[in-house]
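Here is what each chain is made of, one letter per residue.
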Amino acid sequence: MLPAIVIHGGAWAIPDNLAEASVLAVKEAAQRGYEILQGGGSALDAVEAAVILLEDNPAFDAGTGAVLNEDGEVELDAMIMEGKSLAAGGVCCVKNIKNPVQLARLVMENTDHVLLSGQGANTFAKSQGIEEVPVEILVTEESKREWETYMQFRKTVKVLFRERQSDHDTVGAVAVDSNGNVACATSTGGITAKMAGRVGDSPLIGSGGYCDNDVGAVSCTGHGESILKVCLARHIIQLMADGHTAQQGVEAALTSMSRKVQGTGGAVVVSNKGELGMHFNTERMAWAAMRNGDLKWGLNPGEEGIGVLDSSQKLSVPPTPAAVQSDVTPCIVVHGGAGSGFIPSGSQKYEAYTEGVLAASKAGYQVLKDGGSAVDAVVVAVKVMEDNPSFNAGTGSKLTVAGTVEMDALVCDGQTLNSGAVATVKNIKNAIELAKLVMDKTDHMLIVDKGANVFASKMNIQEVDPLYLVTGRSLDSLKTYTSSYTKATVGGYEKRALHETLPSSSAEHETVGAVAVDYLGNVASATSTGGITAKMCGRVGDVPIVGNSAQQASEKALHQLAKRIEEAAGAAGLITVTPGGDIGVYTITGGMSWAAIKNNEPCYGINHGDYLKTTL
């Protein structure tokens, strides 16, 4: 009867539109884990691999697809345990980690602790070489909609769980290998609109999961607070140790939880002899199990399917790199702005610009590799540059004549031709994020000035202190400008004329932008800027105006536009990408920092003729 594995995708009211995807996913995870066991792998390796597969699937509330807390953030919990030595590891309230179960295993193997939380867990992840991912990779549109609904009606956690029709839940796996060693793993994003810092049962040994080679392994799912109160996983193990079969144990423990704390949920169990058990008292629970080469699965109470997972039964929704059937090679190009003058290689400015655009391109490319859309990729890339004070967007924006920051941003979706933009917005850390909300949440394309800030407040985007966005570099640029112009009054307006001796650094525009094509051949563009130094308050440039940022330009039109700009003694740079994945970079200025990634091969440059290669 050995080896054996059982998987669950969460006990809750799984809606019909997710039912097929949920069942296919747990079947595929069971097969993945079973292949490891058949190959002589350990139960620990099998449950980790199975849960990682589910964490990467947006249909579940774990890793990618996790729900949002009351602050609109993703906080992830996970645990893993092996039954030979009772070694265990867990993480809770961890952020920006794609596979928290992998981090939980590192806690188990590389520390003297069992559980790490919050920032401490993230710091540990960094020390172990696990890179943080942009939160956009983890958040789906479904999670956003759920959060907005629940925050609007302010329902309690228990009411949410009882009434949930579109909320996701925990994933987990239990296994026994050919040597009789057992293991369990559980992972979750929690419940929509939970309090920030809330921890449920999933990462806690004895509640979300437990295993012991003398008995077996358990992974639980359901209302976390109820499971915590009864230590559900440990209770099931104890019932089995007292003589219950795996199935009897899980049924009795869930009945007891329902009676004592009115809790609902489910669990999967495997004994050290390969005996299987699974039960739930919710509307549905997707589960799958493999033993003796046979695959079994179920969704509804009393339902059990038997068969094999043939090659045609692969998860098809939502799209991921493994699932997308397309000849398109995803790629991304970013720029950090077209300045003036040659920038010496190896200089501090050169290194800052190149590091910045490379970091942005890598963040956006990761979104594409994970099956994300071109829109999400360009927004992520631009946000990285908005957060980098080397660029004139977000933090580090140039100052108006009044010494304030006013930002413009635009995002365009080439599939639907939808776009969203903001202009002269103040005290917003990431203007590109607000532009995307204009596109997604309104019937408009551009919102400006105070209206943009009011909209940001409605979207729960908090304003930052005005000084947060101001850097010493932007202050120096304004001082240089104000000491280098002459004044003349024309028609009642003050007109300024720059001295010819104005340092070229003050004339750098440094608008940031990104273009991308995803696996489906959909293209998108995004652009963000703080404008030009000492601009009039309320001045709007090209960036937030659809059609003026050269998005989706053909190569012929690109060269024609560049020629016209050059004739007008202007400065500009452009980046392009076609639906087929062809990329283009063009500048008529002395330098423009740019980076591009295609086929996992990054390249970058600043000065004319630069074409440097690096690695991911």
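No experiment lies behind these values; they were computed from the predicted model shown.

Strand order in the open sheet formed by 4 strands is β7-β8-β9-β10, and the pairing between neighbours is antiparallel. On the outer flanks of this sheet lie β7 (209–212) and β10 (276–280), each paired with one strand and no other. Geometrically, the sheet is characterised by an average inter-axis angle of 10 degrees between neighbouring strands, direction not taken into account. In terms of strand pairing, strand β8 (residues 216–222) meets strand β9 (residues 265–271) through 7 bridges, oriented antiparallel. From the neighbouring strand, T221 faces β9, where its bridge partner is G266. Contacts from helix α9 (residues 232–241) reach β7, β8 and β9 within the one sheet, and its direction differs from that of β8 by about 140 degrees.

Let us look at α9. Looking at α9, one finds that the buried residues are L232, A233, I236, I237, L239 and M240. The arc that holds every buried residue of α9, seen down its axis, measures 160 degrees, which confines them to one face. For α9, the secondary structure elements touched by its buried residues are β7, β8, α8 (224–230), α10 (246–261) and β9. The positive-phi residue at the C-terminal boundary of α9 is G243, with phi of around 120 degrees.

What follows concerns the pattern of salt bridges. Under the defined criterion, the tally for this structure stands at 18 salt bridges. Among the charged side chains, a salt-bridge network with shared partners connects E141, K144, D376, K436 and D440.

Our focus in this paragraph is the environment of V470. Here V470 lies in the loop between α14 (449–458) and α15 (472–482). Apart from the residues within four sequence positions on either side, V470 is in contact with L399, V405 and L475.

It is worth spelling out the packing of aromatic side chains at this point. For the coordinates displayed, the defined rule picks out 2 aromatic pairs. Ring centres of Y353 and F391 lie 5.8 Å apart, and the angle between their planes is 20 degrees; this geometry places the pair in the stacked category. Residue Y353 is located in helix α11 (residues 348–369), and its partner F391 is located in the loop between α12 (374–386) and β15 (407–413); the two are separated by 38 residues in the primary sequence. Judged by its relative accessible area of 0%, F391 is buried. Each ring, one from W594 and one from Y611, has its centre 6.3 Å from the other, and the planes form 35 degrees; the classification is tilted. With W594 in strand β24 (residues 591–598) and Y611 in the loop between β25 (601–607) and β26 (612–613), the pair connects residues that are 17 residues apart, well separated along the chain. By relative accessible area, W594 is classed as buried at 7%. Sitting over the face of the ring of W297, K27 holds its NZ or CZ atom 3.8 Å from the ring centroid.

Okay, the environment of Y611 next. The exposure class of Y611 is exposed, given its relative accessible area of 53%. Linking Y611 and A595, residues 16 residues apart in sequence, is a C-alpha distance of 9.4 Å. Dropping the residues within four chain positions of it, Y611 is found in contact with W594, C603 and Y604.

What follows deals with the UniProt feature "binding site: substrate" (unreviewed entry) in the protein chain. As recorded in UniProt, the sites labelled "binding site: substrate" (unreviewed entry) are R198, V199, G200, D201, T221, G222, H223 and G224. By relative accessible area, which is 16% here, R198 ends up buried. Residues in contact with R198, not counting those within four places in the same chain, are E75, D77, C93, G190, I191, G224 and E225. A distance of 2.7 Å separates the side chain of R198 from the side chain of E225, its partner in a polar contact. On the secondary structure map, T221 appears in strand β8. Ignoring sequence-local partners within four residues, the contact set of T221 consists of H8, G10, A11, D169, T170, I227, G265, G266, A267 and M285. Side-chain polar atoms of T221 contact the backbone nitrogen of A11, separated by 3.0 Å.

Under the present numbering, the feature "active site" (unreviewed entry) in UniProt falls on T170. With respect to the element layout, T170 can be found in the loop between α7 (157–163) and β5 (171–176). Judged by relative accessible area, which is 3%, T170 ranks as buried. Each residue touching T170, except ones within four places of it in the same chain, is listed here: H8, G9, G10, T186, S187, T188, S202, C220 and T221. Only 3.3 Å separates the side chain of T170 from the side chain of T188, close enough to count as a polar contact.

Note that N607 resides in strand β25. Considered as a pair, N607 and W594 are 13 residues apart in the sequence and their alpha carbons are 9.7 Å apart. Reaching out from N607, the side chain makes a polar contact with the backbone oxygen of I343 at a distance of 2.7 Å.

To continue, consider the packing of helix α13 (residues 431–441) against α14. Two measures define how a pair of helices packs: the angle their axes make with one another and the distance between the axes. Between α13 and α14, the shortest axis-to-axis distance is 11 Å and the interhelical angle comes to 75 degrees. In terms of orientation, α13 lies roughly perpendicular with respect to α14. On α14, the residues touching L434, L437, V438 and K441 of α13 are A452, F455 and A456. Its residues placed into classes, the contact of α13 with α14 shows 6 nonpolar, no polar and 1 charged.

Turning our eyes to something else, we now look at the nonpolar core. Within the largest apolar cluster, 120 residues are counted, with the highest numbers of intra-cluster contacts made by I5, I7, I332, V334, V411 and V422. A217, M240, V270 and L276 belong to the second largest nonpolar core, which has 40 residues in total.

What counts, and where the lines are drawn
What you see as residue numbers is a count from 1 along each chain, following the sequence as written. It should be noted that, the model being predicted, local features are given only for residues of pLDDT at least 70 and side-chain atom pairs only at 80 or more, the latter also being counted only at that level, while totals for whole chains, interfaces and linings use all residues. The side-chain quantities take in all heavy atoms of the structure and omit both hydrogens and water. Whether two strands pair depends on DSSP finding at least two bridges between them. Every helix listed is a DSSP run of H or I at least four residues long, and every strand listed is a run of E at least two residues long, numbered separately from the N terminus. Throughout, an axis means a line fitted to C-alpha atoms (over the contacting stretch in the case of helices), and angles, computed between N-to-C directions, take values from 0 to 180 degrees. Contacts are assigned to residue pairs that have any heavy atoms within 4.5 Å of one another. Classification of residues uses two cut-offs on accessible area relative to the type maximum, computed with a 1.4 Å probe and protein chains only: under 20% is buried, over 50% is exposed, and between them is partly exposed. The arc in question is the one spanned by the directions pointing from the helix axis to the C-beta atoms. One side-chain nitrogen of Lys or Arg within 4 Å of one carboxyl oxygen of Asp or Glu is enough to make a salt bridge. Any two of the Phe, Tyr and Trp rings considered here, Trp counted by its six-membered ring, make a pair once their centres fall within 6.5 Å; the pair's planes then place it as stacked at under 30 degrees, edge-to-face at over 60, or tilted in between. The rule is short: NZ of Lys or CZ of Arg within 6 Å of the ring centre and within 35 degrees of the ring normal puts a charge over the ring. UniProt positions are given in the numbering used here, feature names are shortened, and annotations may be inferred rather than shown by experiment. Here a polar contact means two N or O atoms within 3.5 Å. Within protein one must be a hydrogen donor candidate and the other an acceptor candidate, and residues neighboring in sequence count only if both atoms are side-chain atoms. Any angle between 65 and 115 degrees counts as roughly perpendicular, while under 35 counts as roughly parallel, over 145 as roughly antiparallel, and the rest as oblique. Charged means Asp, Glu, Lys or Arg here, nonpolar means Ala, Val, Leu, Ile, Met, Phe, Trp, Tyr, Cys or Pro, and polar covers whatever is left, Gly included. Throughout, nonpolar core names a set of buried Ala, Val, Leu, Ile, Met, Phe, Trp, Tyr and Cys residues whose side chains join them through atoms within 4.5 Å.

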